[in-house]
Amino acid sequence: MSIQTLEKCEKYFGTKDIYKLFGIEKSETIPDIRKAYYRLLLQDHPGAASESDKPVAIEKAKLLETLYYVLGDPDALAQYNEHGVIDAETEAAVNEKYNGLFRRPATMEDIDIYHECYKGSRKEWADIKKEYLKGKGCINWMMKHLQFMQYIDEPRLIAIVQAMIDSKEVPEYETFTKEPAEKRYCRHLQFILEAGIVYMLRKKEQRGLDRAKDEQTLAAERQVAFDEIMNSIEARYRDAQKQKGNCRQY
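As the structure is a prediction and not an experimental result, all values here were calculated from the model. Per-chain numbering applies: the sequence of each chain, read as written, is numbered from 1 onward. Two thresholds apply to this predicted model, a pLDDT of at least 70 for residue-level local features and 80 or more for giving and counting side-chain atom pairs, whereas whole-chain, interface and lining totals are computed over all residues. Side-chain measures here rest on the full set of heavy atoms in the structure, leaving out hydrogens and waters.

**Digging into the overall build of the protein**
In this text, helices come from DSSP runs of H or I with a minimum length of four residues, and strands from runs of E with a minimum of two, each type numbered from the N-terminal end. Looking only at helices and strands, one finds twelve helices and zero strands in the protein. Put simply, the protein runs from its N terminus to its C terminus through helices and strands in the order α-α-α-α-α-α-α-α-α-α-α-α. For every residue, the accessible area (1.4 Å probe, protein chains only) is compared with the maximum for its type, and the residue is labelled buried under 20%, exposed over 50%, or partly exposed between those bounds. Buried positions account for 30% of the 250 residues belonging to the protein. Counted over contacts in the protein with a minimum sequence separation of 6, partners at least 24 positions apart contribute 65%. We call two residues contacting when some pair of their heavy atoms lies within 4.5 Å.

This is how it looks when you write it as structure tokens:
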């Protein structure tokens, strides 16, 4: 790591050891590294920081991104492991190579890891507060606009908002505290219907995958049977030619 980055690392996180900062071993896998990165990022995410703290939060996020790139780049990581530093040129090349590549989860595994780290993080609390104020306490609004929020998360969402109200962090809206039972029932019914639709679509997709798998298996079996027939024909032809040759000799 360049001296400037090492100094920032110690300034913001109290250590120059990126393994210690991420809480990982040198043998950790990429998913483990990604999980550690998301956990650190979501602790002090710029989106969860106050206006006065936002510049520092942005700097810390940029630093974590650079460290994450280094952990994922074999050449840069080898240099760090051997010498404990990465020169500025290598660091610039790493940032150039990976810029924007990990800003958002790409695969289902990435999304699951991000979700695990996001749940209960300062970023999630900040997002809940933002949508609570924007929707004037409407739970329907929050459930619609908060990422990863599902039917089973509603009790947790209500508990978090109530804690914010009790601590005077947000004002109390009757839309939230005195939600009509009919509105809540309609929301829950909609969740159930949507869950049923998703379940049916997944079953249909799975049947399609199973059918495709069966067709592939059948095609493979047909190919094997065809090859066996051709081999048998070729063997009989060779035997016939051999017998014909033997007849000539007599």
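Next, the rest of the story.
**Details of the packing of helix H3 (residues 30-43) against helix H4 (residues 54-72)**
Interhelical geometry of H3 versus H4 gives an angle of 175° and a closest axis separation of 10 Å. Considering their axes alone, H3 and H4 lie roughly antiparallel with respect to each other. Across from Ile30, Ile33, Arg34, Tyr37, Leu40 and Leu41 in H3, the residues of H4 making contact are Ala61, Leu64, Glu65, Tyr68, Leu71 and Gly72. Polar here means any residue outside two lists: the nonpolar Ala, Val, Leu, Ile, Met, Phe, Trp, Tyr, Cys and Pro, and the charged Asp, Glu, Lys and Arg; Gly therefore counts as polar. Along the lines of polarity and charge, the residues of the contact of H3 with H4 split into nine nonpolar, one polar and two charged. Helix axes are fitted only over the stretch in contact, all axes being lines through C-alpha atoms; the angle between N-to-C directions runs from 0 to 180 degrees. When describing relative orientation, an angle under 35 degrees is termed roughly parallel and one over 145 degrees roughly antiparallel, while 65 to 115 degrees is termed roughly perpendicular and anything else oblique.

**What to know about a nonpolar patch on the surface**
Each patch is built from salt-bridge-free residues with over 30% relative accessible area, joining like charges within 9 Å and nonpolar side chains (Val, Leu, Ile, Met, Phe, Trp, Tyr) within 5 Å. Method for areas: the Shrake-Rupley scheme with a 1.4 Å probe, in which residue coverage is limited to the protein chains shown. Take a side-chain nitrogen of Lys or Arg and a carboxyl oxygen of Asp or Glu: if they are within 4 Å of each other, that pair is a salt bridge. Taken together, the side chains of Tyr185, Leu189 and Leu193 define a hydrophobic patch exposed on the protein surface, amounting to about 330 Å² of accessible area. With relative accessibility at 53%, the residue Leu193 sits in the exposed group.

**Structural notes on the side chain of Asp153**
Locating Asp153 in the fold gives a position in the loop between helix H9 (139-145) and helix H10 (154-166). On the basis of relative accessibility, which here comes to 7%, the residue Asp153 falls in the buried class.

**Section: the nonpolar core**
One recurring pattern in soluble globular proteins is that nonpolar side chains are buried together. As used in this record, nonpolar core signifies buried Ala, Val, Leu, Ile, Met, Phe, Trp, Tyr and Cys residues forming a set joined through side-chain atoms within 4.5 Å. Counting 28 residues, the largest nonpolar core has Phe22 and Leu71 as the members making the most contacts within it. Among the elements of the structure, helix H2 (18-22), H3, H4, helix H5 (74-83) and helix H7 (108-118) are those that each provide at least two residues to this core. Ranked by residue count, the leading element in this core is H4, at eight residues. Not counting residues within four places of it along the chain, the set of residues in contact with Phe22 comprises Ile33, Ala36, Tyr37, Leu40, Leu64, Leu67, Tyr68 and Leu71.

**Re helix H8 (residues 122-134)**
Think of an α-helix as turning once every 3.6 residues; residues three or four places apart then point the same way. Helix span, expected: 1.5 Å multiplied by one less than the number of residues in the helix. Here H8 is 13 residues long and its end C-alpha atoms lie 18 Å apart, about the 18 Å a rise of 1.5 Å per residue gives. Listed in full, the buried residues belonging to H8 are Lys123, Glu124, Asp127, Ile128, Glu131 and Tyr132. Summarising the axial view, the buried residues of H8 lie within an arc of 170°, below the 170-degree limit, and thus occupy one face. Where H8 is buried, its residues meet H3, H7, H9, H10 and helix H11 (174-177). This arc is built from the directions going out from the helix axis to the C-beta atoms.

**Some remarks on the packing of aromatic side chains**
Here the distance between the centres and the angle between the planes together describe a pair of aromatic rings. The criterion for an aromatic pair is that two Phe, Tyr or Trp rings (for Trp, the six-membered ring) have centres within 6.5 Å, with stacked assigned to planes under 30 degrees apart, edge-to-face to planes over 60 apart and tilted to the rest. If you walk through the whole model with that rule in mind, you get nine aromatic pairs. Taking the centre distance of 5.6 Å and the plane angle of 45° together, the rings of Tyr37 and Tyr38 count as tilted. A centroid spacing of 5.7 Å and a plane angle of 55° characterise the contact between Tyr118 and Phe148, whose relative ring orientation is tilted. Of this pair, Tyr118 sits in helix H7 while Phe148 sits in the loop between H9 and H10, placing them 30 residues apart in sequence. According to the relative accessible area criterion, Phe148 is partly exposed, its value standing at 25%. Taken together, the ring pairs in this structure connect Tyr37, Tyr38, Tyr68, Tyr114, Tyr118 and Phe148 into an aromatic cluster.

**As for the pattern of salt bridges**
On inspection of all chains with the given rule, the structure shows 13 salt bridges. As a salt-bridge pair, Lys16 and Glu10 come within 3.8 Å of each other at their nearest N and O atoms. According to the relative accessible area criterion, Lys16 is partly exposed, its value standing at 41%. In this structure, Arg187 engages Glu179 in a salt bridge whose closest nitrogen and oxygen atoms are separated by 2.5 Å. What makes Arg187 buried here is its relative accessible area of 5%.

**Considering the packing of H8 against H10**
Remark: H8 packs on H10, axes separated minimally by 11 Å, with the N-to-C direction vectors making an angle of 75°. Judged by the angle between their axes, H8 and H10 are roughly perpendicular. Touching Glu124, Trp125, Ile128, Lys129 and Tyr132 of H8 are Arg156, Leu157, Ile160, Val161, Ala163, Met164 and Ile165, all from H10. Class assignment of the residues belonging to the contact of H8 with H10 gives a composition of nine nonpolar, no polar and three charged.

**Some details on unusual backbone geometry**
Positive phi, normally seen in glycine, also occurs at Lys136, with a value near 55°. Tracing the chain through its elements places Lys136 in the loop between H8 and H9. Unlike most non-glycine residues, Phe148 shows phi in positive territory, near 70°.

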